[in-house]
Amino acid sequence: MIPVKSAAELEKMRAACQVAAGALKAGGDAVRPGATTADVDKAVYDYIVAHGGVPNFKGYGGFPGSACVSVGDTVIHGIPSKTQVIREGDIVSIDTGAIVDGFHGDNAYTFACGQVSDEAKRLILTTREALFRGIAAAQAGGRVGDISYAVQSYVEAEGFSVVRDFVGHGVGRELHEAPEVPNFGRAGRGPRLAPGMTLAIEPMINEKGHKVHVLGDGWTVKTTDGGLSAHFEHTVAITKDGPEILTEWQVDPWK
Ligand code: MG
């Protein structure tokens, strides 16, 4: 059963998503050479609480941070640490969300710290474009597989690979709701999309192979071959007039 939100509930979603988007920008602003991933997490936390939200990642399944901060070959779920220093040339994925008035927003973005390699830059741009192609495919009357196919076909044509083991999801009263939104699959398959559904669409894209593994801390997901990974996510509402990005931002990844 995929939850459908009323107009009033979508208003609450918008409020939560705006706090999530601002928190993501605050985290990105904290990405600089010499900063720790804990510094990024603190910037995110401070923004959320200052804007009336509750950090929904903090304590989720025991996760200690308000943001996942994933550097280099870490795909997702990087645990913020006071000893992990961000360096010039790193790519840093930040994933964060907030609860406002009982509803969740969720979003992610990969930032470049200073000058990054041409391949890292291409990976970031491809992942961001994949997100927007996935969003464009999120049309009422279509299927979840339309999103999946839009992401996968574009990414693989660019020579990168799509993570299989983790997927996007519905979001609303819960951080993770039905349906699952894979970044791979066939158009015309999967649950049908209807106005009022709210989805976290989030391509996780690897420079090399798609395989990933979880470290012994139970959270950190890394590429198995050591290639770089990027991650972009928006919370999107399906409307009769097309997809509406609730976590809309205007952030320059190169700062
Ligand atoms: Mg998500």
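Thresholds applied
Residues numbered from 1 in each chain as written. Predicted model: local features only at pLDDT ≥ 70, side-chain atom pairs only at ≥ 80, totals over all residues. Heavy atoms only, no water. Salt bridge = Lys/Arg side-chain N within 4 Å of Asp/Glu carboxyl O. Helix = DSSP H or I, 4+ residues; strand = E, 2+ residues; numbered from the N terminus. Buried < 20%, exposed > 50% of the residue type's maximum accessible area, 1.4 Å probe, protein only. Pairing = 2+ DSSP bridges. Axes fitted to C-alpha atoms, helices over the stretch in contact; angles between N-to-C directions. Parallel < 35°, antiparallel > 145°, perpendicular 65-115°, else oblique. Left-handed = near helix turned anticlockwise from the far one by under 90°. Contact = heavy atoms within 4.5 Å. Nonpolar A, V, L, I, M, F, W, Y, C, P; charged D, E, K, R; others polar.

Caption draft 1: Looking closely at the pattern of salt bridges. Counted according to the given criterion, the structure contains 13 salt bridges. The partner of Glu-119 in a salt bridge is Arg-122, with the nearest N and O atoms 3.5 Å apart. Highlighted residues: Glu-119 and Arg-122, both in helix α3 (residues 118-136), separated by 3 residues, approximately one helical turn. Its relative accessible area of 32% is what places Glu-119 among the partly exposed residues. Accessibility expressed as a relative area gives 33% for Arg-122, which makes it partly exposed. In the salt-bridge network here, residues are joined through shared partners; they are Glu-11, Arg-14 and Glu-244.

Caption draft 2: Summary view of the sheet that holds strand β9 (residues 198-201). What the 5 strands build is an open sheet, ordered β8-β7-β9-β14-β15; its pairing is antiparallel. The strands lining the two open edges of the sheet, one partner per strand, are β8 (177-181) and β15 (242-245). Recorded for the sheet is a direction-independent mean angle of 30 degrees between the axes of neighbouring strands. Here 4 bridges tie strand β14 (residues 234-239) to β15, and the two strands are oriented antiparallel to one another.

Caption draft 3: Region of the structure containing the packing of helix α1 (residues 7-29) against helix α2 (residues 37-50). Orientation of α1 relative to α2, taken along the N-to-C sense of each, is 150 degrees, at an axis distance of 8 Å. The angle between α1 and α2 places the two elements in the roughly antiparallel class. Judged by the sense of rotation from one axis to the other, the crossing of α1 with α2 is right-handed. Residues Val-19, Gly-22, Ala-23, Ala-26 and Gly-27 of α1 form the contact with α2, whose participating residues are Val-40, Ala-43, Val-44, Tyr-47 and Ile-48. Across the contact of α1 with α2, the residue classes tally to 8 nonpolar, 2 polar and no charged.

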